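Residues per chain, in single letters:
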Amino acid sequence: MKNKMMTGNEAIARGFYEAGGVLAASYPGSPTVGILSAINKYDEIYSEFSTNEKVALEVAIGASFNGARAMVAMKHVGLNISLDPLMAFTEIPTQGPFLLVTGDDPGLSSSQNEQDNRNLGKFANMAIVDPSNSQEALDFTKEALEISSDFNIPMMLRITSRLCHSRSIVTLNDRVEHDVPGMEKKPEKYCMIPSNAKSQQLYMKKRLERVETYAYDTSLNKYEASDDKSVLIITSGLLYENLKELDLDISIWKLGLIYPISKKRALEITAHYDEVIVIEEMTPFIENELKLMGITCEGKEYFSLTGELSIEAIEKGLEAAGVINQIDQKKVISEPTVPRHPVFCTGCPHRSTFDIVKKSKADLVIGDIGCYSLAALPPFEQSNSIISMGASVGVTKGLIKSRKNNDKPIVSVIGDGTFFHSGIPSFINLLHQSDGEENVTFLILDNRTTAMTGGQHNGSSGRFNSKNDLKVSIKELLETIGFEDVQEINQYDYKKAKEKINKAIGEKGISIFVLNGPCALKYKLNKPYYYVDPTICIGCRNCIHTGCPPLEMKKYHNIEKLKSSIDRDMCVGCSVCAQVCPVNAIKLSTELEVEDE
Amino acid sequence: MNKNILLSGMGGQGLVLMTDIICEAALKAGYEVKSNDVVGLSQRGGMVWGNVRIGDKIHSPNIREGHGDYLLAMEPLEGLRWHHMLKDNGKIILNEKHINPVLVQQEVEDYPSEAIEALKEDYEILSINAAKEAVKIGNEKIANVILIGLLAKALASDELKIDEELWRESIKDFVPEKAVELNFKAFELGFKN
């Protein structure tokens, strides 16, 4: 027994380890990327970042079919692409205990939407647990696998981004091993063809009823009864901890198993109270469950449908509900100040590409999800749409095929990770009914890693990094599909890239460029720095407009006009600013070259 | 007797490491600790903020507005952005090195130097150009540990008791072995400041 600080993500990994987990798969996405990174450290568990969330789920399903303890972890939107296998898998009595971890993102700290996956857990007939702190993240992971084992039900552990990244103390225990019996040869159980799947519809309902019976007195739920019977608060997850900060003398029913809720227990407890208030983020999930049971309760009247519910938001909501009197909150004055948008890192290879695109004749730029989503923000503002992983290619085709008398050039951008995640089927589809009249230029930004989430491997990483084993050539794959005009360019060779991309934008047909440039962060670009000679600089700001962080306009001694400058401690020597300078005022520091030798 | 420590800065400045070190030192000293940090998009030069709460019983990792005891700001504008989280007598520990947000770089907005200067009227500020000092003794990466040194010193005269040695132990737990000595030097620089 040892105590340790752990994030919610690390605690889930630890819980899976202690529970005798055999296989874990994931696709990197915030907020859950840390789960698999932590699991990687346990030799007893086979783990992988799969090509996408659907593949990750299927890999975990295979392990569960074998009778092994399996887990799949993904960010909330990953469940959308995974829903196809999930909806059939949950029809089957679960063999090896199975846990799906979904990282929801109330407040959208790093996501394109705020979907509440509790609704998808219910939709897929799973039971759902919702931990409040790291210790519970560990305990609930273990308990969820026990429930899965006892009731043959696939479990969902729902965690929110705040809890994924928050640290608190956990107690560690030893790992318990379990047998892996191997897959049964029972096609009637595992082949979800209509004749076999029909009976499973009622089976899933009955299975949930059995879990509901278990839920009546599960230790996952906690009832704290106060003497004051006027109000009962029902809540779950981190919100319980936020509520406790208010130090109120109030009754709380904290749910750990949030679906199914025991109707018998809910009726018994709520019967004691005049008023029931539900505190939950995003959709009124628990509130609706209670209302379906005929329990009168309120929630969304006082608490927002969007964003996180902070301690202050809970206090204000409870004041509005008349549960607490006048808030004694400190008057906080927060004046708006200059925002700080995320930008491409210093030396990022994508910077040159978007500088080229911004100056090009492209009519529309269709973006996708990855670091290059940042091109939607200043200083480039070069994305007309971003929706979901890999969608840019299909969207581009729809734009081309539905246009009338408009052949203005379209540039469509996708990264290497996203290409492998779900771009490939769309590229195959692109050639179907292609007439050569379209003017579209695809830019595949290959920085050799899934960079936005911290530099995980993907399908082509092995070509550049001996530690990775996947070595797909994007260019050769596209040529095999049937594209004739696929060119590789070095992103740091600004002038050559600009010339070729502009030529393609000026011509009809589908052109594809694989733009190579290793992620400056992951592959630690660190070359001699550049500096500005202010006596040559004409103050045109071409370099400044690339937005590279070390650059700024500066007042030099004895020079009247502002001239560009480079912070030498920040510069990593990518050379793009020097290449966009029209008067060669930006020079390589020879001084540092000497030091390097 | 809970102490609420806020951290702010931008992606890449090592805020997660700072959070790790503070948490571990407090844990070693026998306190209950909870923390928050924000990652994701923030790795790309966006703003980051987080916090550590230390005490006898902590429920939420979140700090309520106006309840912060210390604000460790790795960049002045990011100190300005979060000062409203502090108590009236809260302290700011500041790295003076400016890093322009993109709108300042593009000359759309001015860097809010006057508003940052005005913070001195409301708060006690322990200020150092940690980036510059860090480069002097090694490299800019260890600027964050200089600020940890300043915090350790400030906490030493506060109610919270965390031995100097525990800070060193937790630094050792989290930095790569070959960088331990350099990080000790950085800690020292802040602690003796």
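The structure displayed is predicted, hence computed values, not measured ones.

### Re the overall build of chain B
Then comes step 1: Of regular secondary structure, chain B possesses eight helices and six strands.
Then comes step 2: Secondary structure elements in chain B, listed N-terminal to C-terminal, are β-α-β-β-β-α-β-α-α-β-α-α-α-α.
Then comes step 3: In terms of C-alpha radius of gyration, chain B reaches 16 Å, essentially the compact-globule figure of 16 Å for 193 residues.
Then comes step 4: In terms of its C-alpha atoms, chain B occupies a principal-axis envelope of roughly 50 × 40 × 30 Å.
Then comes step 5: Per-residue burial for chain B yields a buried fraction of 59% across its 193 residues.
Then comes step 6: For chain B, the proportion of contacts with a sequence separation of at least 24, taken over those separated by at least 6, is 66%.

### Overview of the interface of chain B and chain A
By a widely used convention, the size of an interface equals the accessible area lost when the partners come together.
Then comes step 1: Contact residues are listed per partner, giving 46 residues for chain B and 43 residues for chain A.
Then comes step 2: At the level of secondary structure, the elements contributing two or more residues to the side of chain B that touches chain A comprise helix H1 (15–28), strand S2 (32–37), helix H2 (76–82) and helix H3 (102–105) of chain B.
Then comes step 3: It is S2 of chain B that provides the largest number of residues to the side of chain B that touches chain A, a total of six residues.

### A few points about the pairing of strand S21 (residues 563–566) of chain A
All names here are of chain A.
Then comes step 1: Residue alternation in S21 divides its side chains into a buried set, Ser-564 and Ile-566, and an unburied set, Lys-563 and Ser-565.
Then comes step 2: Sheet analysis places strand S20 (residues 551–554) next to S21, joined by four bridges and oriented antiparallel. The residue of S21 that forms the bridge with Met-553 is Ser-564.

### A short note on the sheet that holds strand S8 (residues 167–172) of chain A
Either a parallel or an antiparallel arrangement is found when strands of a sheet pair, and the pairing is made through backbone hydrogen bonds.
Then comes step 1: Across the sheet, eight strands lie side by side as S1(A)-S8(A)-S2(B)-S3(B)-S1(B)-S4(B)-S5(B)-S6(B); this open sheet has mixed pairing. The outermost strands of the open sheet, each flanked by one partner alone, are strand S1 (2–7) of chain A together with strand S6 (124–128) of chain B. Between one strand axis and the next, the sheet turns by 25 degrees as a mean value, whatever way the strands run.
Then comes step 2: Its contacts with the sheet place helix H6 (residues 143–156) of chain B against strand S4 (68–73), strand S5 (86–95) and S6 of chain B, and it is angled at close to 140 degrees to S5 of chain B.

### Quick look at the domain arrangement of chain A
All names here are of chain A.
Then comes step 1: In terms of domain boundaries, chain A breaks down into domain 1 (2–215), domain 2 (223–320), domain 3 (350–516) and domain 4 (530–596).
Then comes step 2: Relative to domain 4, the C-alpha centre of domain 3 lies at a distance of 30 Å.
Then comes step 3: Every contact between the two is made by seven residues of domain 3 and, on the other side, nine residues of domain 4.
Then comes step 4: Mapped by element, the contributors of at least two residues to the side of domain 3 that touches domain 4 are helix H15 (350–358) and helix H19 (494–505).
Then comes step 5: In terms of residue count, H15 provides more of the side of domain 3 that touches domain 4 than any other element does, three residues in total.

### Overview of unusual backbone geometry
Residues and elements named next belong to chain A.
Then comes step 1: That bond from Ser-30 to Pro-31 is cis: its omega, 15 degrees, falls within 30 degrees of zero.
Then comes step 2: Turning to its location among the elements, Pro-31 is positioned in the loop between strand S2 (23–26) and helix H2 (33–39).
Then comes step 3: Of note, the bond from Pro-378 into Pro-379 is cis; its omega dihedral lies within 30 degrees of zero at 5 degrees.
Then comes step 4: Although it is not a glycine, Ser-575 sits at a positive phi angle of roughly 80 degrees.
Then comes step 5: Within the fold, Ser-575 resides in the loop between S21 and helix H20 (576–580).

### Observations regarding the pairing of strand S4 (residues 70–75) of chain A
All names here are of chain A.
Then comes step 1: With respect to burial, S4 is a largely interior element, six of its six residues being buried.
Then comes step 2: Burial along S4 is two-sided: Ala-70, Val-72 and Met-74 facing one way and Met-71, Ala-73 and Lys-75 facing the other are all buried.
Then comes step 3: Pairing between S2 and S4: four bridges, direction parallel. Bridge assignment links Ser-26 to a residue of S4, and that residue is Ala-73.
Then comes step 4: As paired elements, S4 and strand S5 (residues 98–104) share six bridges and run parallel to each other.

### Re the sheet that holds S5 of chain A
All names here are of chain A.
Then comes step 1: Reading across the sheet, the seven strands line up as S3-S2-S4-S5-S7-S6-S12 and stay open at both edges, with mixed pairing between neighbours. Two strands in the sheet have a free side with no partner beyond their single neighbour: strand S3 (46–49) and strand S12 (257–259). On average, adjacent strands in this sheet sit at an angle of 20 degrees to one another, irrespective of strand direction.
Then comes step 2: Here S2 pairs with S3 via four bridges, running parallel. Residue pairing for S3: Ala-25 is matched across the bridge by Glu-48.
Then comes step 3: Packing against the sheet, helix H3 (residues 53–65) makes contact with S2, S3, S4 and S5, and its axis sits at approximately 165 degrees to S4.

### What to know about helix H10 (residues 200–215) of chain A
Residue and element names in this part refer to chain A.
Then comes step 1: The end-to-end C-alpha separation of H10 is 22 Å, in line with the 22 Å expected for 16 residues at 1.5 Å each.
Then comes step 2: Inspection of H10 places Arg-207, Val-211 and Ala-215 among the buried residues, and these make up the whole buried set. Looking straight down H10, one finds its buried side chains confined to an arc of 95 degrees; they lie on one side. Seen from the buried face of H10, the exposed residues on the opposite side, beyond 90 degrees, are Leu-202, Lys-205, Lys-206 and Glu-209.
Then comes step 3: Packing partners of the buried residues in H10 comprise strand S6 (127–129), helix H6 (134–151) and S12.

### Let's talk about the confidence of the model for chain B
Then comes step 1: Looking at chain B as a whole, its pLDDT mean stands at 93, while 96% of the residues score no less than 70.
Then comes step 2: Scored as a whole, the predicted complex attains pTM 0.96, and scored at its interfaces, ipTM 0.95.

### Observations regarding the environment of Arg-463 of chain A
Residue and element names in this part refer to chain A.
Then comes step 1: In this fold, Arg-463 is placed in the loop between strand S16 (439–446) and helix H18 (474–481).
Then comes step 2: Each C-alpha atom of the pair Arg-463 and Leu-255 lies 48 Å from the other, and the pair is 208 residues apart in sequence.
Then comes step 3: Apart from the residues within four sequence positions on either side, Arg-463 is in contact with Lys-471 and Ser-473.

Parameters and conventions
- Residues numbered from 1 in each chain as written.
- Chains lettered and ligands numbered in written order.
- Predicted model: local features only at pLDDT ≥ 70, side-chain atom pairs only at ≥ 80, totals over all residues.
- Helix = DSSP H or I, 4+ residues; strand = E, 2+ residues; numbered from the N terminus.
- Rg over C-alpha atoms; globule rule 2.2 N^0.38 Å.
- Buried ≥ 20, exposed ≤ 12 C-beta atoms within 10 Å, placed from the backbone.
- Contact = placed C-beta atoms within 7 Å.
- Pairing = 2+ DSSP bridges.
- Axes fitted to C-alpha atoms, helices over the stretch in contact; angles between N-to-C directions.
- Domains from an automatic or database assignment.
- Expected span 1.5 Å × (residues − 1).
- Arc of directions from axis to C-beta.
- pLDDT = per-residue confidence, 0-100.

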